[in-house]
Each structure stands twice: as structure tokens, then as C-alpha cells.
Amino acid sequence: MDVHYLSKINFRRWVERLSQEAPLYHPKEINGNLVYQKFISEEEIILGEVRTIGPLKVYFFSLNQRVATYPSPSRIKKGEGLRIFLGVKACDLQSLEILDKVFIEGEYKEPFYLKERKNTILISSDCTKPKDACFCNLVDLEPYPRKGFDLNLSPLKESFLVEVGSEKGEELISRFKDFFNRPSGEQIEEQKENRKKTLNLLKATNTSFKTKKSYQKIVKKNYDSPLWEEEAGDCVECGLCTNICPTCHCYLLYDEKEKRAFNRMRMWDSCQYIGFAQVAGGANPRARLAERLRHRYLHKLDYFKDDFGLYMCTGCGRCVEGCLGKIDMREVLKKLEESK
Ligand code: SF4
Ligand code: SF4
């Protein structure tokens, strides 16, 4: 993997130039949280730190999407063309790898998602301040990207180390090659040290949650545990955990009248809602809240792992941070392991 050095001054010039070529989105702090915003000024860019409060999926799989119009078909707008995301974190890159498996790696390619994926340049960055809710290290990830990016930026003192992850990334370097230099051994060492420090911080936060068995074994073994019922007692069925999750991708279709035509709309759904699995005639295989809670864990940590070889959880901790019932996935899994 090619590695380059980028000074802070050249970073400023480079992002200015990139923003003139395509809409550039980056994390910006608003009321103490990081959110993606369109580029206005380099001063607003927050690289490092941690993932944004909301999931990256909204830019690839929108909350509400018109997928067809009938009886007179019209052109459906699919996205805005090339765009650049700067400061994407390892957990959110992993979420795209997961969504790729669902939407574009099977026989049927979901055209809206595919178009957004093709039109996006991903410039990721290392985490430097994981939150207490973060647990990527417990689901086989690290707080810095290893793959899935076009370029990755590791913050150093007043500069960045830039790793190239794809041809698109290589192209972004070669077009602006005056901005980039060869890194020194010291700078590479600094990156390693920073990464080690962040990983150690994350490990320290999660020491008490670490389980002996894999998450997949734990949920498989505890299918009939009374703990599901106990945990569901705190759930208020708000659906936040699935909506804010960067990997949840269930949706429903409905029709909407517009003048002389109908639009077929696609909207996110949540397996935590009582009507999610209900079928015509009223039968509901997951009528109880505990069954729905358990299903979420099984889908993420067992079925998906069996089907695709990876967890459908990136440890981003958004569900932990946002759950109205204060249900912490790490705690539930630890309790399940210790319950037998
Ligand atoms: S289940 Fe929770 S921690 Fe895992 S990816 Fe979804 S929001 Fe993040
Ligand atoms: S966020 Fe918490 S309270 Fe809301 S549905 Fe999910 S588990 Fe239940």
C-alpha cells in the first residue's frame, strides 16, 4: 500500500480543490456531536476523533425513496453524481462492506444503492477519541481503517499520513502530486504509536464487556434464555436501534398518490416494531417484544455471520448511545455468556 505525507497547509489547499470538483462532505461538530456537512471551510473539518452521530447509510440507502411511478413511468432521480466523503471511520467503511453484500453482491443489484456506491469517493480517517459506547474491537475490527477506502488519512502533529487504498485514491494523489511528499520513518512511527494508543483506550473501555466465547456462539447457545424477556422489559419499541444502525437495511414499500399518478415509495422499517413480521391473516411469528429483541441479535451475530462470514455489527455503539431503554448490547451479550 502506497503511503504519502501531507502537511496541514497542503491539506487545506487539497480539500479546497477537491470541493471544487465534487460536493465534499465531512464531519463537523454541532452541539457536541459530529455530523456530515457539505464543505464550506477547511476550519470546520473534524478529522480523527470518532464516527458521526448518524450512520453513513443515509447517503447510500435513503430513508424514503421513490422507486417507481405508475401508470405513466417517469425518470427516477438517482443521486447527485460524484461526491466525496471525508473523515469516514473504520466502522462505517465496514458498514458499507456489509450493505454491499446485501444490495449488490447477490444476483439482483439494487440500482439506487449501486449508483451511490459507484459515485462516491471515500477518504477515511483514523479514530483518535473513541466514545465509551464504541466497541469495534469486540467485533473483529480496529479503530482505524484497513480496507474499503480510496484514501485514508491518519492525523499526525500538524500533518497527515495518507494511505492509498484504490485506483480512485491513486488518481486523487497523482492529480495533486505537488501537495504530497514521501513520509519519513518518524512519521510512520508516529502513526503506529497513535494507533496503538487509540486501540489501548478502546480495549480499556471494553475490558469488562469482553467475552470468552464468540458472540455467535453466545447467541446460538442462548436462544431459549429467559434473559431476552428480562432485557425486553426495558425496551420501549422505539426502533431507534435499527434506524441509527449503519448496517440495518430492512424496508417496506407503500404507494402514494400524486396528481394523476402513484408513486411506489420505499421506507426504512424496523424489526423491533410489532407489525414487522406480521403476515396477511394476522399471524405474527414474532409477536412478543423479547422475540424481536432476540431476532435482532441473532440476525446480526449469527445468521449474517453464517451467510457472509462477518458480523452485521460494526461495534459503532450508536445503538448503545441512543437506546431509550438504556440497553447495552455488550452487557446483554456478557450476561448471556455468564448466565449458563
Ligand atoms: S448493532 Fe449497534 S453497535 Fe452494532 S453496528 Fe448497529 S448500531 Fe452499531
Ligand atoms: S433503541 Fe432500545 S428501546 Fe428503542 S427499540 Fe431499540 S432496544 Fe428498544
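Residue indices begin from 1 for each chain and proceed along its sequence in written order. All chains are assigned letters beginning at A, and all ligands numbers beginning at 1, according to the order in which they are written. Per-residue local features are limited, in this predicted model, to residues with pLDDT of at least 70; the limit for side-chain atom pairs, both in listing and counting, is 80 or more; totals at the level of whole chains, interfaces and linings are taken over all residues.

## Points about the overall build of the protein
Secondary structure is summarised from DSSP: a helix means a run of H or I of at least four residues, a strand means a run of E of at least two, and numbering begins at the N terminus for each. Counting secondary structure elements, the protein contains 11 helices and 11 strands. The size measure is the radius of gyration over C-alpha atoms, and the globule rule it meets is 2.2 Å times the number of residues to the 0.38 power. Whereas a compact globule of 340 residues would reach a radius of gyration of roughly 20 Å, the protein reaches 22 Å, a difference of no more than 12%. Overall, the protein is about 65 × 60 × 40 Å in size when its C-alpha atoms are taken along their principal axes. Counting other C-beta atoms within 10 Å of its own, a residue is labelled buried from 20 upward, exposed at 12 or fewer, and partly exposed in the gap between, with every C-beta atom placed from the backbone. Expressed as a percentage of the 340 residues in the protein, the buried residues total 34%. Once C-beta atoms are placed from the backbone, any two residues with those atoms within 7 Å are in contact. Of the contacts made within the protein by residues no fewer than 6 positions apart, 73% connect residues no fewer than 24 positions apart.

## With respect to the site of ligand 2
Nearness between a residue and a molecule or strand is assessed with a C-beta atom placed from the backbone; a distance within 6 Å qualifies. Close to ligand 2 lie Cys-235, Val-236, Glu-237, Cys-238, Gly-239, Leu-240, Cys-241, Gln-272, Cys-323, Leu-324, Gly-325 and Ile-327. Within the shell around ligand 2, the residues separate by chemical class into eight nonpolar, three polar and one charged. Three classes are used: nonpolar for Ala, Val, Leu, Ile, Met, Phe, Trp, Tyr, Cys and Pro, charged for Asp, Glu, Lys and Arg, and polar for all others, with Gly counted as polar.

## Focus on the nonpolar core
With 63 residues, the main nonpolar core has Ile-123 and Cys-136 as its most contacted residues. Domain delimitation in this document rests on an assignment produced automatically or drawn from a domain database. For this core, the domains that each give at least three residues are domain 1 (3–204) and domain 2 (215–338). With sequence-adjacent residues up to four places away left out, Ile-123 is seen in contact with Ile-84, Phe-85, Leu-86, Phe-149, Asp-150, Leu-151 and Leu-153. Residues enter a nonpolar core if they are buried, belong to Ala, Val, Leu, Ile, Met, Phe, Trp, Tyr or Cys, and are joined to the set through C-beta atoms within 7 Å.

## Looking at the site of ligand 1
Around ligand 1, a shell composed of 13 residues is seen, among which Cys-245, Cys-313, Cys-316, Arg-318 and Cys-319 lie nearest. Partitioning the shell around ligand 1 into residue classes produces seven nonpolar, four polar and two charged.

## Quick notes on the environment of Leu-202
Tracing the backbone through its elements, the reader meets Leu-202 in helix H5 (residues 185–206). We classify Leu-202 as buried; it has 22 C-beta atoms within 10 Å. The spatial distance from the C-alpha of Leu-202 to the C-alpha of Tyr-303 is 27 Å, given a sequence separation of 101 residues. Beyond its immediate stretch of four places on either side in the chain, Leu-202 contacts Pro-130, Cys-134, Asn-137 and Pro-143.

## Details of the sheet that holds strand E7 (residues 151–156)
An order of E3-E2-E5-E6-E7-E8-E1-E9 is seen for the eight strands of this open sheet, with the pairing classed as mixed. Since the sheet does not close on itself, it has two edges, and those belong to strand E3 (33–38) and strand E9 (180–181), each with one partner. At least two DSSP bridges between two strands are needed for those strands to be called paired. Two elements, strand E2 (residues 24–30) and strand E5 (residues 83–88), share two bridges in a ladder whose sense is parallel. Paired with Tyr-25 across the bridge in E5 is Phe-85. Helix axes are fitted only over the stretch in contact, all axes being lines through C-alpha atoms; the angle between N-to-C directions runs from 0 to 180 degrees. Helix H4 (residues 167–174) contacts strand E1 (3–7), strand E6 (120–125), E7, strand E8 (159–164) and E9 of the sheet and is inclined by roughly 135 degrees relative to E8.

## Here we look at the sheet that holds strand E11 (residues 261–268)
Spatial ordering of the open sheet is given by E4-E11-E10, a layout of three strands whose pairing is antiparallel. The open sheet is flanked by strand E4 (64–70) and strand E10 (251–258), the only strands paired with a single partner. Averaged over all pairs of adjacent strands, the angle between their axes in this sheet comes to 25 degrees, without regard to strand direction.

## Quick word on the domain arrangement of the protein
Here the domain parsing of the protein yields domain 1 (3–204) and domain 2 (215–338). Computed from C-alpha coordinates alone, the two centres of domain 1 and domain 2 are separated by 26 Å. Listed per partner, the contact involves 32 residues of domain 1 and 26 residues of domain 2. When residues of the side of domain 1 that touches domain 2 are traced back to their parent elements, those giving at least two are E4 and helix H2 (90–103). By residue number, the principal contributor to the side of domain 1 that touches domain 2 is H2, which donates eight residues. For the side of domain 1 that touches domain 2, a count of residues per class yields 19 nonpolar, seven polar and six charged.

## Some words on the environment of Thr-314
Checked against the element boundaries, Thr-314 lands in the loop between helix H9 (289–308) and helix H10 (318–322). C-alpha of Thr-314 to C-alpha of Cys-245: the two residues are 69 residues apart in sequence and 9.1 Å apart in space. Residue contacts for Thr-314: discarding those within four places in its chain leaves Cys-91, Gln-94, Ser-95, Cys-136, Val-139, Leu-141, Pro-246 and Thr-247.

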